[in-house]
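Spelled out from the first residue to the last, the chains are:
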Amino acid sequence: MITDRRKALMGMVLIGVALALLPFLVGKGLGNSWVRVLDFALLYVMLALGLNIVVGFAGLLDLGYIAFYAVGAYLYALLASPHFGLHWPVWAVLPLGALVAGLFGVLLGAPTLRLRGDYLAIVTLGFGEIVRIFINNLNAPVNITNGPQGISQIDPVRIAGVPLSKTLEVFGIGFPSVYLYYYLFLALTLLIVFVSIRLEDSRIGRAWVAIREDEIAAKACGIDTRNVKLLAFAMGATFGGVAGGLFAGFQEFVSPESFGLMESIMVLCMVVLGGMGHIPGVILGGLLLAILPEALRHGAVPMQQAAFGRVLLDPESLRMLLFGLALIAVMLYRPAGLWPEARRKREFLAEKAK
Amino acid sequence: MNELLLDAQSISKSFGGVRALHDVSLSIRRGEIYGLIGPNGAGKTTFFNVLTGLYTADRGRFVFDGAPLNISAPDEVAAAGIARTFQNIRLFANMTALENVMVGRHLRTSAGVVGAVLRNRATREEEAAIAQRAHELLKYVGIHRHSNILARHLAYGDQRRLEIARALATEPKLLALDEPAAGMNATETGALKKLIEALRADGLTLLFIEHDVKLVMGLCDRVAVLDYGEKIAEDVPAEVQRDAKVIEAYLGGVVA
């Protein structure tokens, strides 16, 4: 018992050290642009975990999830940039972004409560687009979002007065901006993982899964499915709002382009490929789908030149081609995802056996 | 205390031109086992669905436990103290037996998101109580050894029992069973009969729909017979069996 606990503790310490050193290893080995890729991967993991609550736990197919990312990002951009001349601190903007995104979750969730499956997917897809189109057009008659030009010169995240946009020297060790953001994103990702795990194993988490399994039976058991579903939408949206705020501070620029339908689909793919409803699987899905395309972008040109002496396929189209093939392969051979919940794996095996 | 637990007053429900229920009134006394029988399509399940809030009645009302029953939503009906099972078993297939019963405790517990995340003392104690009660109920219905098996992998008879355990977890005053013996063999039906008698002995009132006439006649204190959406008889089983209208509508082939 004690050795088990000690083993677990040792494992956690090792993982902690590895995560702390990761940017240095990646930065020295591959270059700091890869640490930036890592930063984005963490943002995607946060998004995937948020969507996992809606899709994975509660079984509500949401194709407009990126709208909450947009809400968080634009709230940060509006409250901390020269656009309105406001420069709110990050500790005020991020929680507010989470809250407002959560409210949007309830607002967009409420009209969909009676819908299931395909119908729900279509309506949420519409909502996602509505939010993007609103942002795109809210520059007239009153300029709120600056329309398609987006908002630039957004304040970088400052922690205790230290901007994360500049290299920080601590005891002679230089921490470039992308490293600093890495640590911030990592901390918030871990927080979101923690919240997800706690929610999954709770009265609320069980109610979500019950709704996914059989909504009528859940109602007959006395679950107020309306409130519990709205809670799923709100919690998922909250995570999206946090990720959005971080994105705005990190990029120092937001525009409607970043919040298109493809982004929603991408996050959904992370959840489905990784293993719906299984937190480690979803994290894996997020990391893979965020990092592999970048690896391909960097690797495709030199590899083709080495193999054929010239570039046959440009990396961008190759990326989509391989992405599509990978999706098909995973759905055919691992329909429950790359790393499914043990429970779901059993379910798929049982289906196959029939 | 009122002797009547449930008083259904002139319940009517139509689907398009089909009169599924017409002016059905019946009353269930506290502590009795009340059977609802009738040929296929007589409106038994419709009555259940109206009572438990899945459908809204066109006319009529229910008085439950001395107060008019607000039947706007199934979860409110469950909160009022009516739990049900389904004719075609509806379990949470990919949750374990234990988790299924734990979901049934949702109604009588209160931990929210904050409690779940912080896992403070109150939440931990509530979770422990939920798990303990779920174990007790699984033991009560006799499937405790299958606690950690997914509901979908349970044997048919055990799934029925699990559904009853889940319904009991909501602390009902009235338990409504929709054809609990459907598809069971004689041994399983006998065991079910024992379980239902035990439930009544523990103070529960039961309403059930059943096709198995022998089971109904042997178990129920009173029986109502529906035919084409109308109640044609309501009495103790011995009297119902002698009723000419009932014999004509339903029992003819069985008794004669």
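Residues numbered from 1 in each chain as written. Chains lettered and ligands numbered in written order. Predicted model: local features only at pLDDT ≥ 70, side-chain atom pairs only at ≥ 80, totals over all residues.

A. Structural context of the overall build of chain B. When its secondary structure is counted, chain B shows 10 helices and 10 strands. Taking 18 Å as the expected radius of gyration for a compact globule of 256 residues, we find that chain B reaches 19 Å, a close match to that expectation. By its C-alpha atoms, chain B is 65 × 40 × 40 Å across when sized along the principal axes. Classification of the 256 residues of chain B by burial places 46% in the buried group. (Helix = DSSP H or I, 4+ residues; strand = E, 2+ residues; numbered from the N terminus. Rg over C-alpha atoms; globule rule 2.2 N^0.38 Å. Buried ≥ 20, exposed ≤ 12 C-beta atoms within 10 Å, placed from the backbone.)

B. Up close: the sheet that holds strand β6 (residues 82–84) of chain B. Residues and elements named next belong to chain B. Pairing within the open sheet is mixed, and its six strands lie in the order β6-β7-β8-β3-β9-β10. Strand pairing shows two members of the sheet lacking a second neighbour, β6 and β10 (230–235), which therefore form its edges. Direction aside, the axes of adjacent strands within the sheet are offset by 20 degrees on average. As judged from the five bridges shared by strand β7 (residues 174–178) and strand β8 (residues 205–209), these two strands associate in the parallel manner. What sits directly across from Leu174, in β8, is Thr205. Lying over the sheet, helix α1 (residues 44–51) contacts β3 (33–37), β6, β7, β8 and β9 (222–227), oriented at roughly 145 degrees with respect to β7. (Pairing = 2+ DSSP bridges. Axes fitted to C-alpha atoms, helices over the stretch in contact; angles between N-to-C directions. Contact = placed C-beta atoms within 7 Å.)

C. Region of the structure containing the domain arrangement of chain A. All names here are of chain A. On domain assignment, one finds that chain A holds domain 1 (1–30) and domain 2 (34–273). Here the C-alpha centre of domain 2 lies 28 Å away from the C-alpha centre of domain 1. Of the residues lining the interface, five residues belong to domain 1; the matching set on domain 2 comes to six residues. For the side of domain 1 that touches domain 2, the per-class residue count stands at four nonpolar, one polar and no charged. (Domains from an automatic or database assignment. Nonpolar A, V, L, I, M, F, W, Y, C, P; charged D, E, K, R; others polar.)

D. Molecular detail of the pairing of β9(B). Residues and elements named next belong to chain B. Judged from the four bridges that link them, β3 and β9 form a sheet pairing that is parallel. Along β9, the bridge assignment pairs Leu36 with Ala224. When β9 meets β10, the two strands line up antiparallel, connected through five bridges. Residue pairing in the sheet places Val225 in a bridge with Ala233 of β10. Turn length for the β9-β10 hairpin, with the two strands adjacent in sequence and antiparallel, is two residues, and the turn residue Tyr228 shows positive phi of about 45 degrees.

E. Inspection of the interface of chain B and chain A at higher detail. The interface is formed by 30 residues belonging to chain B together with 27 residues belonging to chain A. Of all elements in the fold, only α2 (74–80), α3 (97–104) and α4 (113–118) of chain B reach the threshold of two or more residues within the side of chain B that touches chain A. Each residue belonging to the side of chain B that touches chain A can be placed in one class, and the counts come to 16 nonpolar, seven polar and seven charged.

F. Broad picture of the packing of helix α7 (residues 203–213) of chain A against helix α9 (residues 225–251) of chain A. Residue and element names in this part refer to chain A. Packing of α7 against α9 brings their axes to within 10 Å, and their N-to-C directions diverge by 105 degrees. On the basis of their axis angle, the class for α7 and α9 is roughly perpendicular. Along its contact with α7, which presents Ile204, Ala207, Trp208 and Ile211, the element α9 presents Thr225, Val228, Lys229, Leu231 and Ala232. (Parallel < 35°, antiparallel > 145°, perpendicular 65-115°, else oblique.)

G. Up close: helix α2 (residues 32–57) of chain A. All names here are of chain A. Spanning 26 residues, α2 covers 36 Å between terminal C-alpha atoms, matching the ideal 38 Å at 1.5 Å per step. Maximal helix bending in α2 amounts to about 35 degrees, located at Leu51. Among the 26 residues that make up α2, 22 are buried, leaving the element largely enclosed by the rest of the structure. Count one or two residues on from α2 and you reach Gly59, which has phi positive near 70 degrees. (Expected span 1.5 Å × (residues − 1). Bend = angle between axes of the 7 residues up to and from the residue.)

H. Quick look at the sheet that holds strand β4 (residues 59–64) of chain B. Residue and element names in this part refer to chain B. Spatially, β2-β1-β4-β5 is the arrangement adopted by the four strands of the open sheet, whose pairing is antiparallel. Bordering the open sheet on either side are β2 (18–29) and β5 (67–68), each of which pairs with just one other strand. In this structure, strand β1 (residues 4–15) lies alongside β4, joined through five bridges in antiparallel fashion. Note that in β4 the partner of Ala8 across the bridge is Phe62. Lying over the sheet, α1 contacts β1, β2 and β4, oriented at roughly 70 degrees with respect to β2.

I. Structural view of helix α4 (residues 90–109) of chain A. For α4(A), built from 20 residues, the straight-helix expectation of 28 Å at 1.5 Å per residue is met to within 8% by its first-to-last C-alpha distance of 27 Å. Where α4(A) is buried, its residues contact α3 (66–79), β1 (80–81), α5 (117–137), β4 (158–159) and α9 of chain A.

J. Expanded view of the environment of Ala42(B). Residues and elements named next belong to chain B. Here Ala42 is to be found in the loop between β3 and α1. Put simply, Ala42 and Tyr228 are 186 residues apart on the chain and 4.6 Å apart in space, counted from C-alpha to C-alpha. Each residue touching Ala42, except ones within four places of it in the same chain, is listed here: Leu226, Asp227, Tyr228 and Gly229.

K. Focus on unusual backbone geometry. Cis geometry is found at the peptide bond from Ala140(A) to Pro141(A), where omega equals -5 degrees. Within the secondary structure, Pro141(A) sits in the loop between α5 and β3 (151–152). Despite not being glycine, Asn146(A) shows a phi value in the positive range, around 65 degrees. With respect to the secondary-structure elements, Asn146(A) resides in the loop between α5 and β3. Despite not being glycine, Tyr228(B) shows a phi value in the positive range, around 45 degrees. Looking at where Tyr228(B) falls in the secondary structure, it is placed in the loop between β9 and β10.

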